[in-house]
Amino acid sequence: MKIHSITLREIRMSLVTPFETSFGRLADRRILLLELNSDGVCGWGESVAGEGPFYAPETVETAWHILRDFIWPLIKDREFNSAADLWQILSPIRGHNMAKAAIESAAWDAEAKQKNLPLWKLIGGVRHEIPCGVSIGIKPTLEELISTVERELAAGYQRIKIKIKPGKDIEPVEALRQRFPRIRLMVDANSAYRLEDWPHLKRLEAYYLMMIEQPLGWDDLYSHAELQRKLETPICLDECIHTLEHALAAIDLGACRIINIKLGRVGGFTPSIQIHDLCRSRQIPVWCGGMLESGIGRAHNIALSTLENFTLPGDVTASRRYWTEDIIEPEVEVSSQGTIRVLDRPGIGYTPRVDRIERLTARKEFLK
Ligand code: OSB
Ligand code: MG
């Protein structure tokens, strides 16, 4: 297969409600979309690079630059067997996983369409339905948090994750536990704590959380291993896991007992599948994280979540939780059981609404 051209687009979309984490508050998203033409077939990808370098070092600007000036020259006019080969072809470029994932995932979409297969089948998925949880941002009041959780549970979602930070941690968790004694509950700190805070984090153990996601430094496996030895609650790593090697180190150091896999953070389907397989062989459950994606990134996340070891509910949810109108047809919907039924259509299965995408486009660059 060959990629003849790519189109980079930046679209602007406003979130239905602003999303607050320990590293900031976000109301309007800038999203980098990549459309490619491979032997006459279109493939779509999304880069989850952020507006600023606060979750990870990459940004929309760096992803655009790396895609145009380094990734495209490597891939242009190159013949390869399948999308599975791209990860190796991209290996001279160090890091920049979110830029790589945009083109890698689009190539997988195109290959699946060329083979007239759903993407989830092409990658070896086994699930026809995926379990869904929600990620709830930091709320100004406990009342607002509780009513949000009530609404998400009523919609069917199978587990609740709330964002925490110092000063907004024990109290919200305690309030939720009082109100909902039996729900599957977890927290995500996005690196807001330090190892010295461990006695404080230990207090969270009274509320039998499923896991504590990324409490410490974004690249600090060593301190997470120290912390995990002090806690009974499993630590789940997100930010720390950039590569297969980091996943292996994290598992062998005992830095976590669960891993959140995000396509963008690790560079696409090939590294995601490798990390998934490693975790399966080490009995480490995984789940699929989210990055406030548009429908295109969401569709890729759904495909990834069909792999066997994605046993825990992921942060993959209905389009309407984030967007008044998504850019795909149909929109992603969640059943009253809190699951997404996987579509049996070629590629990502959802059709990009190109007219709507055009209207949301702030800039565009065609490369061939
Ligand atoms: O840490 O999982 C995270 C959103 C932006 C950046 C980091 C994270 C998140 C989320 C949102 O938790 C998950 C979603 O897309 O629903
Ligand atoms: Mg996280």
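Everything quoted here is computed from the prediction, not taken from an experiment.

Topic: the domain arrangement of the chain
Right, so step 1: When the domains of the chain are assigned, the result is domain 1 (5-116 + 354-367) and domain 2 (122-341).
Right, so step 2: Relative to domain 2, the C-alpha centre of domain 1 lies at a distance of 23 Å.
Right, so step 3: With 38 residues of domain 1 at the interface, the matching set in domain 2 holds 42 residues.
Right, so step 4: Summing both sides of the interface, domain 1 and domain 2 together bury roughly 3,300 Å²; the carbon and sulfur share of this comes to 67%.
Right, so step 5: For the pair domain 1 and domain 2, the number of links is 2 salt bridges.
Right, so step 6: On inspection of domain 1 and its partner domain 2, the count reaches 18 residue pairs in polar contact (both at pLDDT 80 or more).
Right, so step 7: Here the side of domain 1 that touches domain 2 takes 11 residues from helix H3 (residues 97-114), the largest share from any one element.

Side note on the coordination of the magnesium ion (ligand 2)
Right, so step 1: The magnesium ion (ligand 2) binds to the protein through Asp188 (OD), Glu213 (OE) and Asp238 (OD); the donor distances cover 2.1 to 2.3 Å.
Right, so step 2: Along the chain, the residues donating to the magnesium ion (ligand 2) are arranged with the sequence spacing D-x24-E-x24-D. Taken together, the residues aspartate 188 in strand S7 (residues 185-188) and glutamate 213 in strand S8 (residues 212-213) connect sequence positions 25 residues apart.
Right, so step 3: Here glutamate 213 falls in the buried class, since its relative accessible area comes to 0%.

Describing the packing of aromatic side chains
Right, so step 1: Per the stated rule, a full pass over the model turns up 3 aromatic pairs.
Right, so step 2: Residues tryptophan 108 and phenylalanine 269 carry aromatic rings whose centres are separated by 6.0 Å and whose planes lie at 55° to one another, so their mutual orientation is tilted. Here tryptophan 108, found in helix H3, pairs with phenylalanine 269, found in helix H11 (residues 269-281); they are 161 residues apart in sequence, far enough to count as distant. Summarising the burial analysis for this pair, tryptophan 108 and phenylalanine 269 share the class buried.
Right, so step 3: Where tyrosine 322 meets tryptophan 323, the ring centres are 6.4 Å apart and the plane angle is 50°; that geometry is what we call tilted.

So, how was this worked out
Residues numbered from 1 in each chain as written. Chains lettered and ligands numbered in written order. Predicted model: local features only at pLDDT ≥ 70, side-chain atom pairs only at ≥ 80, totals over all residues. Heavy atoms only, no water. Domains from an automatic or database assignment. Contact = heavy atoms within 4.5 Å. Buried area = accessible area lost by both parts, 1.4 Å probe. Salt bridge = Lys/Arg side-chain N within 4 Å of Asp/Glu carboxyl O. Polar contact = N/O pair within 3.5 Å; in protein donor to acceptor, adjacent residues only side chain to side chain. Helix = DSSP H or I, 4+ residues; strand = E, 2+ residues; numbered from the N terminus. Donors = N, O, S within 2.8 Å, 3.2 Å for Na, K, Ca; no water. Buried < 20%, exposed > 50% of the residue type's maximum accessible area, 1.4 Å probe, protein only. Phe/Tyr/Trp six-rings, centres within 6.5 Å; stacked < 30°, edge-to-face > 60°.

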